[in-house]
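# Working through the structure, step by step
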Amino acid sequence: NAGVTQTPKFQVLKTGQSMTLQCAQDMNHNSMYWYRQDPGMGLRLIYYSASEGTTDKGEVPNGYNVSRLNKREFSLRLESAAPSQTSVYFCASSEASGGRNTEAFFGQGTRLTVV
Amino acid sequence: GEDVEQSLFLSVREGDSSVINCTYTDSSSTYLYWYKQEPGAGLQLLTYIFSNMDMKQDQRLTVLLNKKDKHLSLRIADTQTGDSAIYFCAERNQGGKLIFGQGTELSVKP
């Protein structure tokens, strides 16, 4: 079972460069999420997608864009990377976004450094 | 707004009980979760509680929910060195957002 797969695992960017973090899940989940994890800040929601074709801003969306390409894939794009975007990024998916209990499954994370 | 708060560190001796606390602000929370993160890994669900419950027990884990005070706790009985990790409290609101706290780093000393 692959679960949630993120690529790449590590990336170093120069300030101003762009890149796309890829995420795919094979559990037929409706909802997908992108978080960033910083020391002492926990996980902060960047964007989420309740279902295919919809995306919504989370707590810290500035500087990011997302695309829910299909039900399996949810990508996160940094158009012009800044040192403040140095972080560990996690993608997650869950069965539904409504009131029904749903466990969120996480990828292994992407460690991004912007120099 | 939505906010989830936890203390950042907890240190206990092996065999003792650990209690990790969490407070949240969103009264529309439907489910509350505890996740565990080991070094270099993603998050794994430990347990969850529905917002109309007061307590849930699952082997060594006990979750207590005080909905009036918006306070959630996780008790780990007979804490082992393998329990050393970061523990995250999270809430899911009716809109489907899943909001996490800062995480509590649990250190278990032999």
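Our subject is the structure that appears above.
Computed from a predicted model, the values in this text were never measured in an experiment.

## Describing the layout of surface pockets
Size it by volume and the largest pocket reaches roughly 630 Å³. Counting residues per element, the ones that place at least two in the lining of the largest pocket are β4 (31-38), β9 (87-94) and β11 (110-114) of chain A together with β9 (85-92) and β11 (104-109) of chain B. In terms of residue count, the dominant contributor to the lining of the largest pocket is β11 of chain A (four residues). A per-class count over the lining of the largest pocket returns 14 nonpolar, 15 polar and five charged.

## Quick word on the sheet that holds strand β1 (residues 4-7) of chain A
Residue and element names in this part refer to chain A. Read from one edge to the other, the open sheet built from four strands follows the order β1-β3-β8-β7, with strand pairing classed as antiparallel. Sheet topology places β1 and β7 (65-68) at the edges, where each strand pairs with a single neighbour. Mean inter-strand twist for the sheet, computed between neighbouring axes without regard to direction, equals 15°. In terms of strand pairing, β1 meets strand β3 (residues 19-25) through four bridges, oriented antiparallel. Within β3, the residue paired with Val4 across the bridge is Gln25.

## Observations concerning unusual backbone geometry
A cis amide bond links Thr7 of chain A with the next residue in sequence, Pro8 of chain A, at an omega value of -5°. At Gln59 of chain B, a position not held by glycine, the phi torsion is positive, near 55°. Phi is positive for Asp78 of chain B, close to 50°, though the residue is something other than glycine. Considering the arrangement of structural elements, one finds Asp78 of chain B in the loop between β8 (71-76) and β9. You can call Asp78 of chain B partly exposed: its relative accessible area is 41%.

## Quick look at the interface of chain A and chain B
Taken together, the contact between chain A and chain B spans 25 residues of the former and 23 residues of the latter. Across the chain A/chain B interface, buried area totals approximately 1800 Å², and carbon plus sulfur atoms make up 53% of it. Summed over the shared surface of chain A and chain B, the result is zero salt bridges. Among the elements of the structure, β4, β5 (42-49) and β9 of chain A are those that each provide at least two residues to the side of chain A that touches chain B. Residue contributions to the side of chain A that touches chain B peak at four residues, all from β5 of chain A.

## Side note on the sheet that holds strand β3 (residues 18-24) of chain B
Residues and elements named next belong to chain B. Strand order across the open sheet formed by five strands is β1-β3-β8-β7-β6, with antiparallel pairing between neighbours. Only two strands of the sheet have a single neighbouring strand rather than two, namely β1 (4-6) and β6 (55-58). Within this sheet the neighbouring strands show an average axis-to-axis angle of 15°, counted without direction. Pairing analysis gives three bridges linking β1 to β3, with the strands arranged antiparallel. In the strand pairing of β3, Glu5 is matched with Thr23.

## Some remarks on the pattern of salt bridges
Applying the stated criterion across every chain yields a total of six salt bridges over all chains. Among the ionic pairs, Glu79 of chain A bridges to Arg77 of chain A, the shortest N-O distance being 3.1 Å. The class for Arg77 of chain A is partly exposed, based on a relative accessible area of 29%. Of the charged contacts in the structure, one is a salt bridge between Lys36 of chain B and Glu38 of chain B, with a shortest N-O distance of 3.3 Å. Exposure remark for Glu38 of chain B: the relative accessible area of 38% places this residue in the partly exposed category. A single network of salt bridges, built from pairs that share partners, joins Arg36, Asp38 and Arg44 of chain A.

## Digging into the state of the cysteines
Counted according to the given criterion, the structure contains two disulfides over all chains. Disulfide partner of Cys23 of chain A: Cys91 of chain A, at an S-S distance of 1.8 Å. Handedness of the Cys23 of chain A-Cys91 of chain A disulfide follows from its S-S torsion of about -75°: it is left-handed. Of this pair, Cys23 of chain A sits in strand β3 while Cys91 of chain A sits in strand β9; the two residues are 68 residues apart in sequence, bridging distant segments of the chain. The class of Cys91 of chain A is buried, set by a relative accessible area of 0%. Across the disulfide, Cys22 of chain B is cross-linked to Cys89 of chain B (sulfur-sulfur distance 2.0 Å). For the disulfide bridge between Cys22 of chain B and Cys89 of chain B, the dihedral angle about the S-S bond is near -65°, and by the sign convention the bridge is left-handed. Residue Cys22 of chain B is located in strand β3, and its partner Cys89 of chain B is located in strand β9; the two are separated by 67 residues in the primary sequence. In this pair, the class of Cys22 of chain B matches that of Cys89 of chain B, namely buried.

Criteria and cut-off values
- Residues numbered from 1 in each chain as written.
- Chains lettered and ligands numbered in written order.
- Predicted model: local features only at pLDDT ≥ 70, side-chain atom pairs only at ≥ 80, totals over all residues.
- Heavy atoms only, no water.
- 1 Å grid on protein atoms, 1.4 Å probe; cavity = no way out; pocket = protein on both sides within 12 Å on 5 of 7 lines; lining within 4 Å.
- Points joined across faces, edges and corners; volume = space filled by probe spheres on them.
- Helix = DSSP H or I, 4+ residues; strand = E, 2+ residues; numbered from the N terminus.
- Nonpolar A, V, L, I, M, F, W, Y, C, P; charged D, E, K, R; others polar.
- Pairing = 2+ DSSP bridges.
- Axes fitted to C-alpha atoms, helices over the stretch in contact; angles between N-to-C directions.
- Buried < 20%, exposed > 50% of the residue type's maximum accessible area, 1.4 Å probe, protein only.
- Contact = heavy atoms within 4.5 Å.
- Buried area = accessible area lost by both parts, 1.4 Å probe.
- Salt bridge = Lys/Arg side-chain N within 4 Å of Asp/Glu carboxyl O.
- Disulfide = S-S within 2.5 Å.

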